[in-house]
Amino acid sequence: MSNADYRWNQTQAVVDYDAAAPVIHPQYVTVQDQLLAALPYAANVAFRLVDVGGGSGRLVERVLEQFPNATAIVMDQSEPFLGVAQQRLERFGARASFALQRLQDDWPTAIGPVDAVVSTSAIHHLEPAEKQTLFAKIFAALPSGGVFLNGDEHRPASDAEFRTLLEAWGRHMESSLVAGTIPASFDQVIAKWRRRNLDEFGAPAKSGDDCHETIETQVGYLRAAGFDPVEVPWQRELWALFVARKV
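Residues numbered from 1 in each chain as written. Predicted model: local features only at pLDDT ≥ 70, side-chain atom pairs only at ≥ 80, totals over all residues. Heavy atoms only, no water.

**A few points about the overall build of the chain**
Now for step 1: The helix and strand tally for the chain stands at 9 helices and 7 strands.
Now for step 2: For the chain, the spread of C-alpha atoms along the principal axes amounts to about 45 × 40 × 30 Å.
Now for step 3: Looking at the 247 residues of the chain, the share that counts as buried comes to 51%.
Now for step 4: Residue pairs in contact within the chain that sit at least 24 positions apart in sequence constitute 71% of those at least 6 positions apart.
Now for step 5: When the accessible surface of the chain is totalled, it reaches about 10,900 Å², and 51% of it is carbon and sulfur. (Helix = DSSP H or I, 4+ residues; strand = E, 2+ residues; numbered from the N terminus. Buried < 20%, exposed > 50% of the residue type's maximum accessible area, 1.4 Å probe, protein only. Contact = heavy atoms within 4.5 Å. Areas by Shrake-Rupley, 256 points an atom, 1.4 Å probe, with all protein chains shown as cover.)

**Observations concerning the pairing of strand β5 (residues 147–153)**
Now for step 1: Here β5 lies mainly inside the structure; 7 of its 7 residues are buried.
Now for step 2: Two elements, strand β4 (residues 116–120) and β5, share 5 bridges in a ladder whose sense is parallel. Bridge assignment links Thr120 to a residue of β5, and that residue is Gly151.
Now for step 3: Following the backbone out of β4, through helix α6 (residues 128–141) and into the adjacent parallel β5, one traces a crossover that is right-handed.
Now for step 4: With 7 bridges joining them, β5 and strand β7 (residues 239–245) adopt antiparallel strand pairing. Counterpart to Asn150 in the pairing with β7 is Phe242. (Pairing = 2+ DSSP bridges. Right-handed = clockwise from strand over helix to strand, strands pointing away.)

**Quick look at the environment of Asp51**
Now for step 1: By the element assignment, Asp51 lies in strand β1 (residues 48–52).
Now for step 2: The buried category is assigned to Asp51, whose relative accessible area is 1%.
Now for step 3: It is 9.5 Å that separates the C-alpha atoms of Asp51 and Leu149, two residues lying 98 residues apart in sequence.

**Digging into the pattern of salt bridges**
Now for step 1: One pass over the structure, following the stated rule, counts 13 salt bridges.
Now for step 2: The salt bridge partner of Glu61 is Arg91, with a shortest N-O separation of 3.0 Å. Here the residue Glu61 occupies a position in helix α3 (residues 58–66), and Arg91 occupies one in the loop between α4 (79–89) and β3 (96–100), the gap between them amounting to 30 residues.
Now for step 3: You can call Arg91 exposed: its relative accessible area is 53%.
Now for step 4: The structure contains a network of salt bridges with shared partners spanning Asp18, Arg58, Glu61, Glu65, Arg88 and Arg91. (Salt bridge = Lys/Arg side-chain N within 4 Å of Asp/Glu carboxyl O.)

**Some points on the packing of α6 against helix α9 (residues 215–225)**
Now for step 1: The interhelical angle for the contact between α6 and α9, taken along N-to-C directions, is 40 degrees, at an axis separation of 8 Å. On the basis of their axis angle, the class for α6 and α9 is oblique. Judged by the twist between their axes, the crossing of α6 over α9 is right-handed. Two secondary-structure elements touch here, α6 through Pro128, Lys131, Gln132, Phe135, Ala136 and Phe139 and α9 through Gln218, Tyr221, Leu222 and Ala225. (Axes fitted to C-alpha atoms, helices over the stretch in contact; angles between N-to-C directions. Parallel < 35°, antiparallel > 145°, perpendicular 65-115°, else oblique. Left-handed = near helix turned anticlockwise from the far one by under 90°.)

**Description of unusual backbone geometry**
Now for step 1: Here Asp228 and Pro229 are connected by a cis peptide whose omega angle stands at 5 degrees.
Now for step 2: Position of Pro229 relative to the elements: it lies in the loop between α9 and β6 (230–236).
Now for step 3: Here Ser121, not a glycine, exhibits a phi torsion of approximately 50 degrees, which is positive.
Now for step 4: Inspection of the secondary structure puts Ser121 in the loop between β4 and α6.
Now for step 5: Notably, Glu237 is not glycine yet its phi reads approximately 55 degrees, a positive angle.

**Overview of the nonpolar core**
Now for step 1: Within the largest apolar cluster, 48 residues are counted, with the highest numbers of intra-cluster contacts made by Leu39, Leu49 and Leu149.
Now for step 2: Leave out the neighbours within four places in its chain, and Leu49 touches Leu39, Val63, Thr71, Ala72, Ile73, Val114, Ala116 and Val118.
Now for step 3: Ile138, Leu222, Ala225 and Ala244 belong to the second largest nonpolar core, which has 28 residues in total. (Core = buried A, V, L, I, M, F, W, Y, C linked by side-chain atoms within 4.5 Å.)

**Remarks on the packing of aromatic side chains**
Now for step 1: Per the counting criterion, the structure on display carries 10 aromatic pairs.
Now for step 2: Taken together, the ring pairs in this structure connect Phe135, Phe139, Phe148 and Phe227 into an aromatic cluster.
Now for step 3: Positioned above the aromatic ring of Phe139, the side-chain terminus of Lys246 is 4.5 Å from the ring centre. (Phe/Tyr/Trp six-rings, centres within 6.5 Å; stacked < 30°, edge-to-face > 60°. Lys NZ or Arg CZ within 6 Å of the ring centre and 35° of its normal.)

**Examining the environment of Leu198**
Now for step 1: When you line up the elements, Leu198 lands in helix α8 (residues 187–199).
Now for step 2: With a relative accessible area of 3%, Leu198 lands in the buried category.
Now for step 3: Those residues in contact with Leu198, other than ones at most four positions away along the chain, are Arg163, Leu166, Glu167 and Trp193.

Distances and angles like these do not, on their own, reveal function.
Here it is as structure tokens:
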């Protein structure tokens with residue numbers, strides 16, 4: 001998927017999504033809580049981190065608050081998202097930086113050395129081959145002792161269970177839209193999500209869609225990339241935290 005086709009290149013859509021993200025994703029805050037707790041650093045340690053597909057900088061904001069000697073890069077392919085992130089993180093000065101890069105790009109060369117790579121709710125948009133390439137790229141970018149933490153969506157092996165969870169999420173978004181806790185502008189976004197994920201359930205997904213895979217499959221990709229150990233310390237409904245270490 002090219003940047004020209006990317007749905008988050010509209011500034012108002014990005015602003016609305018940023019405001020409503022913790023409602024749209026039922027486990028949004030919990031995923032971030034779990035990821036922050038899994039970062040293997042004492043509070044006063046200096047380290048450099050990149051959030052790939054980091055959007056509006058909400059996770060990096062929490063990292064920089066919790067670790068006052070850390071620096072972080074928000075990487076995303078959406079200029080509007082990075083614009084929101086720059087406003088959010090302005091108070092951190094030079095500790096926060098920004099990179100306009102796709103997950104599929106050679107972003108490690110552009111960003112330089114990092115100690116940790118994190119991501120939330122982004123990588124599931126990649127096709128299987130793209131995920132495997134990305135995980136290999138992250139492994140190569142990390143030093144010995146580096147860590148990759150990914151809080152993201154997954155699917156159960158059972159189609160019936162998967163569909164039940166998707167239907168519950170759809171009802172949550174639609175009721176939140178009616179209640180006004182999701183902006184009215186997201187009516188069409190939610191309708192498109194329902195069409196792709198429920199009306200066309202089981203249809204082939206392409207890059208940019210929700211390309212859900214099981215936890216076991218993604219753990220296999222991480223191990224094939226060289227990560228060891230790979231752990232999944234938390235999972236709930238359609239969300240899980242993957243912790244992959246480079247020895």
